[in-house]
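Geometric and topological summary
Residue strings, one per chain:
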Amino acid sequence: LIALDEIGSILGVSIPDRPSQEFRAITWDQLGQLDPELIEIGSHTCSHPILTKCSESELENELTQSKNTIESELGRKVVSFCYPNGQIGDYNPSVMQAVQKAGYTNAVVAHGTLVEANANRFALERISAPHNNQLFQHMIDSRPYLSQQKKSLIGSK
């Protein structure tokens, strides 16, 4: 909080103790209204720890408590997991095994490129969207091109 106060002071703005209505988190009711055929709600732990630094019991608790809470609140099964930070070193084979044991069918990391057909479903790579709208549009426009290039490369092997 001290850092936020300093940032607010430097920028000459007042940072509220709680987010305003405009910036508050989505509610369970709002999440429940999202069409499960279009939007999947996955788990991301309870406290966002680096999972490779957790004890076995902490790891199990983070994985199962977050999953159980979402399932209880929304009344739908949670099958997907997203590793906190998702960088190399934030997950490893024993963490991936714990994710599978907790009942997830897949998990994503926060680095990589297009997913290969033989990808490890507990370390699916994803590409983060850029914050710049022009770069984001370029990325979206390039996806069909990248996919076609990949198919061409695979077909030529």
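What you are looking at is a predicted structure, and each value in this text was computed from that prediction instead of being measured.

With that settled, the discussion passes to the overall build of the protein chain. Along the backbone of the protein chain there are 5 helices and 2 strands. Secondary structure elements of the protein chain occur, N-terminal to C-terminal, as α-α-α-β-α-β-α. Sequence separation of 24 or more characterises 54% of the internal contacts of the protein chain that already satisfy a separation of 6 or more. On the protein chain, roughly 11,400 Å² of surface is accessible, and the fraction owed to carbon and sulfur atoms is 54%.

What follows covers the packing of aromatic side chains. This structure, assessed with the given rule, holds 3 aromatic pairs. An angle of 55° between the planes, with centres 5.2 Å apart, marks the rings of Phe81 and Tyr104 as tilted. Highlighted residues: Phe81 in strand β1 (residues 80-82) and Tyr104 in the loop between α4 (93-101) and β2 (106-108), separated in sequence by 23 residues. Summarising the burial analysis for this pair, Phe81 and Tyr104 share the class buried. Look at Tyr83 and Tyr91: their rings are 4.9 Å apart centre to centre, the planes differ by 20°, and that puts the pair in the stacked class. Comparing Tyr83 with Tyr91 shows no difference in burial state: the two are buried. Members of the aromatic cluster, joined through ring pairs, are Phe81, Tyr83, Tyr91 and Tyr104. A cation over a ring is seen here: Lys67 above Tyr104, with NZ or CZ 5.7 Å from the ring centre.

Moving on to the pattern of salt bridges. Taken as a whole, this structure holds 1 salt bridge when the rule is applied. Note that Glu71 is salt-bridged to Lys67, the shortest N-O span being 2.7 Å. On the criterion of helical spacing, the pair formed by Glu71 and Lys67 is a turn pair, its members being 4 residues apart in helix α3 (residues 56-74). Among the residues examined, Glu71 registers a relative accessible area of 21% and is labelled partly exposed. Given a relative accessible area of 5%, Lys67 falls into the buried group.

A few words now on the nonpolar core. Across soluble globular proteins, you tend to see nonpolar side chains buried next to one another. If you look at the biggest cluster of nonpolar residues, it comprises 22 residues, and the most contacted ones within it are Leu51, Leu63, Phe81, Tyr83 and Val99. Within the residue set of this core, elements represented by two or more residues are α3 and α4. Those residues in contact with Tyr83 that lie beyond four places of it in its chain are His44, Leu51, Tyr91, Val95, Met96, Val99, Ala107, Val108, Val109 and Phe122.

Moving on, we get to the environment of Val109. Along the chain, Val109 falls in the loop between β2 and α5 (133-155). For Val109, a relative accessible area of 0% corresponds to the buried category. In the structure, Val109 is positioned 24 residues away from Asn85 in sequence and 7.8 Å away in space, judged by C-alpha atoms. Ignoring sequence-local partners within four residues, the contact set of Val109 consists of Tyr83, Gly86, Tyr91, Ala123, Leu124, Glu125 and Arg126.

What follows covers unusual backbone geometry. Located in the positive-phi region is His48, a residue other than glycine, with phi close to 60°. By the secondary structure assignment, His48 is in the loop between α2 (28-33) and α3. For His48, a relative accessible area of 38% gives the class partly exposed. Positioned with a positive phi, Asn85 is a non-glycine residue whose angle comes to about 70°.

Under the 1.5 Å per step criterion, the end-to-end length of α3 is 27 Å for 19 residues, consistent within 8% with the ideal 27 Å. Among the residues making up α3, those that are buried are Leu59, Glu62, Leu63, Ser66, Lys67, Ile70 and Leu74. Each buried residue of α3 lies within a common arc of 100° when the element is viewed along its axis, so the set occupies one face. For α3, exposure combined with an orientation more than 90 degrees from the buried face picks out Glu56, Ser57 and Ser72. The secondary structure elements touched by the buried residues of α3 are α2, β1 and α4. The positive-phi residue at the C-terminal boundary of α3 is Gly75, with phi of around 70°.

Each value, and the rule that gives it
Residues numbered from 1 in each chain as written. Predicted model: local features only at pLDDT ≥ 70, side-chain atom pairs only at ≥ 80, totals over all residues. Heavy atoms only, no water. Helix = DSSP H or I, 4+ residues; strand = E, 2+ residues; numbered from the N terminus. Contact = heavy atoms within 4.5 Å. Areas by Shrake-Rupley, 256 points an atom, 1.4 Å probe, with all protein chains shown as cover. Phe/Tyr/Trp six-rings, centres within 6.5 Å; stacked < 30°, edge-to-face > 60°. Buried < 20%, exposed > 50% of the residue type's maximum accessible area, 1.4 Å probe, protein only. Lys NZ or Arg CZ within 6 Å of the ring centre and 35° of its normal. Salt bridge = Lys/Arg side-chain N within 4 Å of Asp/Glu carboxyl O. Core = buried A, V, L, I, M, F, W, Y, C linked by side-chain atoms within 4.5 Å. Expected span 1.5 Å × (residues − 1). Arc of directions from axis to C-beta.

Limitation: the analysis is restricted to geometry and does not speak to function.
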